[in-house]
Amino acid sequence: NFTQDEMYTLMQIDNILLGSTLPEGTYNADTDSGPLAVLFPLLGTLIFGKSVFGLRIFSVLFTSALVALVWMFGKKLFKNEGFAFLAAILFAGGGLALTVGRLGLTFSISAFFVLLSYFFMYRFYARGVSSEKPVGTALSVLLSGLAFAFAFAVDPKTVIAGIGTLVLFVFGAVRHHRAHAYNQRK
């Protein structure tokens, strides 16, 4: 059966699909989340019908992608595949993956984009500013910003999690500025 929050999402999907056939003033696609929040469940219901499977498929897919992203991020952070696997297993056994990750809600979608933003910003932090390959540096920052923009479009409350991405950017820029100044003095 659908949960109460899933029924609310289905109501929003119906309102979007009805569109201009509703009388003026009754178009109710407002959510507690952002404008992108209903579009992934809408796509699932368009493909598989208004079933539990259709509503929940994209949430499950994003949760699976989130577990893979935790493994990739853990591999980059710990530089050890064993610890990366342990991080992915712990995440997969955690609350997000086992509870809301299997429901037709957008928590896993916004969490995926937030973690993707952190992943690319950490890549900028670790690699630094390269004068030989400035496109790689700019691409990491750009992809981090785009991932955060998607997270914000899914749920505006993710702006709080985005503060960490901004802090990581500032620390990375200061770190690389100091390294560049040291090399210039040397």
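For the structure, see preceding data.
Owing to the predicted nature of the structure, the values given are computational and were not obtained by experimental measurement.

Rules used throughout
Residues numbered from 1 in each chain as written. Predicted model: local features only at pLDDT ≥ 70, side-chain atom pairs only at ≥ 80, totals over all residues. Heavy atoms only, no water. Helix = DSSP H or I, 4+ residues; strand = E, 2+ residues; numbered from the N terminus. Expected span 1.5 Å × (residues − 1). Buried < 20%, exposed > 50% of the residue type's maximum accessible area, 1.4 Å probe, protein only. Contact = heavy atoms within 4.5 Å. Axes fitted to C-alpha atoms, helices over the stretch in contact; angles between N-to-C directions. Parallel < 35°, antiparallel > 145°, perpendicular 65-115°, else oblique. Left-handed = near helix turned anticlockwise from the far one by under 90°. Nonpolar A, V, L, I, M, F, W, Y, C, P; charged D, E, K, R; others polar. Core = buried A, V, L, I, M, F, W, Y, C linked by side-chain atoms within 4.5 Å. Phe/Tyr/Trp six-rings, centres within 6.5 Å; stacked < 30°, edge-to-face > 60°.

**As for helix α8 (residues 159–185)**
Piece 1. The end-to-end C-alpha distance of α8, which contains 27 residues, comes to 39 Å, matching closely the 39 Å that a straight helix rising 1.5 Å per residue would cover.
Piece 2. Of the positions making up α8, those classed as buried are Gly162, Thr165, Leu168, Gly172 and His176.
Piece 3. If you follow the buried residues of α8, they end up packed against α6 (107–127) and α7 (134–154).

**Examining the packing of helix α3 (residues 52–78) against α6**
Piece 1. Contact geometry of α3 with α6 gives a least axis separation of 9 Å together with a crossing angle of 20°. On the basis of the axis angle, α3 is roughly parallel to α6. In this structure, α3 meets α6 at a crossing whose hand is left-handed. Listed contacts from α6 to Ser59, Phe62, Thr63, Ala65, Leu66, Leu69, Val70, Met72, Phe73, Lys76 and Leu77 of α3 are Ser108, Ile109, Ala111, Phe112, Phe113, Leu115, Leu116, Tyr118, Phe119, Tyr122 and Arg123.
Piece 2. Among the residues forming the contact of α3 with α6, the class breakdown is 17 nonpolar, three polar and two charged.

**Some points on the nonpolar core**
Piece 1. The biggest cluster of nonpolar side chains holds 24 residues, and the ones touching the most others in it are Phe40, Phe62, Phe112, Phe113 and Leu116.
Piece 2. For this core, the secondary-structure elements that each account for two or more residues are α3, α6 and α7.
Piece 3. The greatest single-element share of this core, amounting to 11 residues, is contributed by α6.
Piece 4. Once you skip the residues sitting within four places of it in the chain, Phe112 turns out to touch Phe62, Ala65, Leu66 and Leu69.
Piece 5. In terms of nonpolar packing, the next biggest core, distinct from the first, is built from five residues, Leu10, Ile13, Leu42 and Leu55 among them.

**A look at the environment of Phe40**
Piece 1. Mapped onto the elements, Phe40 comes out in helix α2 (residues 39–48).
Piece 2. In this structure the C-alpha to C-alpha distance between Phe40 and Ala147, which are 107 residues apart in sequence, comes to 16 Å.

**Looking at the packing of aromatic side chains**
Piece 1. With the rule as written, the count across this model stands at 14 aromatic pairs.
Piece 2. Each ring, one from Phe40 and one from Phe58, has its centre 6.0 Å from the other, and the planes form 45°; the classification is tilted. Here Phe40, found in helix α2, pairs with Phe58, found in helix α3; they are 18 residues apart in sequence, far enough to count as distant. We note that Phe40, like Phe58, is buried.
Piece 3. Between Phe73 and Phe119, the ring centres sit 5.8 Å apart and the planes meet at 80°, which makes this aromatic pair edge-to-face. Residue Phe73 is found in helix α3, and its partner Phe119 is found in helix α6; the two are separated by 46 residues along the sequence.

Scope: geometric values only; no functional claims are made or implied.
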